Amino acid sequence: MINVNNFLVKNKNKLEEDMNSDGYFKMIFDRDAVISDLKGYVLYKSLKELVNSPGDVAEIGIYKGGSANLLAECIKDTDKTLYLFDSFDEVIPDTQFVPDDGTNGHSFHYTIEEVQKKLNRFNNITIYPGIFPSTAHNVEDKIFCLVHVDCDFYAPILACCEFFYPRMIDGGIMVFDDYEFFETPGATRAVNEFFNGKIEDIFLSSACGGFVVKGINKLNAGV
Ligand SMILES: C[S@@+](CC[C@H](N)C(=O)[O-])C[C@H]1O[C@@H](n2cnc3c(N)ncnc32)[C@H](O)[C@@H]1O
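Analysis parameters
- Throughout, residues of each chain are indexed from 1 in the direction in which the sequence is written.
- In keeping with the model being predicted, local features are shown solely for residues with a pLDDT of at least 70 and side-chain atom pairs are shown and tallied solely at 80 or more, while totals for entire chains, interfaces and linings include all residues.
- We call two strands paired when DSSP finds no fewer than two bridges between them.
- Runs of H or I in DSSP of at least four residues are treated as helices and runs of E of at least two as strands, each being numbered from the N terminus.
- Contact between two residues is assigned whenever their backbone-derived C-beta positions fall within 7 Å.
- Here an axis means a line fitted to C-alpha atoms, over the contact stretch when the element is a helix, while the angle between two N-to-C directions is reported on a 0 to 180 degree scale.
- In this scheme the burial state of a residue depends on its C-beta neighbours within 10 Å: 20 or more other such atoms mean buried, 12 or fewer mean exposed, and anything in between means partly exposed; the C-beta positions come from the backbone.
- Clockwise travel from the first strand over the helix to the second, with the strands pointing away from the viewer, marks a crossover as right-handed.

**A look at the sheet that holds strand 5 (residues 168–176)**
Moving on, step 1. With mixed pairing, seven strands are arranged side by side in an open sheet as 3-2-1-4-5-7-6. Single-partner strands in this sheet number two, and they are strand 3 (125–129) and strand 6 (203–204).
Moving on, step 2. One ladder, built from five bridges, connects strand 1 (residues 56–60) with strand 4 (residues 144–149); its direction is parallel. Of the residues in strand 4, the one forming a bridge with Val57 is Leu146.
Moving on, step 3. Where helix 3 (residues 37–50) meets the sheet, it contacts strand 1, strand 4 and strand 5, and its direction lies at approximately 165° from that of strand 4.

Next comes the structure, spelled out in structure tokens:
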């Protein structure tokens, strides 16, 4: 079970130190990733803790496949599958909670062929192109140990919460990359709305963004 204390804001310096001395992470972290290296390190450390647990892995919001490449590296020698979702060239209709800063997500254009080419050395990956949640039915019978939600907007992030939360194993981690990021207020709103009244607390990651561990709150995590 993940020790959430290791990933919280108060431990940022320690996490950075660990990251800088982790040669394997440096080798597999892909510079095409939009996420920072510290965010990548949190994903990598979280997934390492969960490789022996049941459940597959999903990412919603792939872009060039940088963070997907990292997740794939972490599970390449396991029987887990990485399920990837992105709209690719389709226009994303929901921008109502995103400020008009010129980078509202429509600038993230990349083709499925380019991502497939990048990830073709892995044999445990499936990509579902299309606007989430219209593609979610493909994995409705799966359970998940880690889900990386990185799709910027209110509607798909809320849909990710609704779809994946009931399919997370106990102790499974949902990472919300855009949580509490000033350019993506819809993300914070969606996550707050969904977890309002649930037993879990939303933890602020030291790498920025937030995460939820199924069944875990501040009280039972000792935070
Ligand atoms: C910030 S990028 C992802 C970056 C990637 N995770 C990384 O770190 O390298 C956000 C992606 O979310 C995708 N996206 C946004 N809304 C979506 C939706 N409703 N369904 C599918 N993909 C969506 C966009 O196409 C874009 O590629």
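**Some words on the pairing of strand 2 (residues 82–86)**
Moving on, step 1. Of all the five residues making up strand 2, five are buried; the element is thus mostly covered by neighbouring parts of the structure.
Moving on, step 2. Burial along strand 2 is two-sided: the residues Leu82, Leu84 and Asp86 and Tyr83 and Phe85 are all buried.
Moving on, step 3. Across four bridges, the pairing between strand 1 and strand 2 is parallel. Looking at the pairing, Ala58 lines up with Tyr83 of strand 2.
Moving on, step 4. For the crossover that starts at strand 1, traverses helix 4 (residues 66–75) and ends in the parallel strand 2, the hand is right-handed.
Moving on, step 5. Of the strand pairs in this sheet, strand 2 and strand 3 are connected by five bridges, and their pairing is parallel. For Leu84, the partnering residue across the bridge sits in strand 3 and is Ile127.

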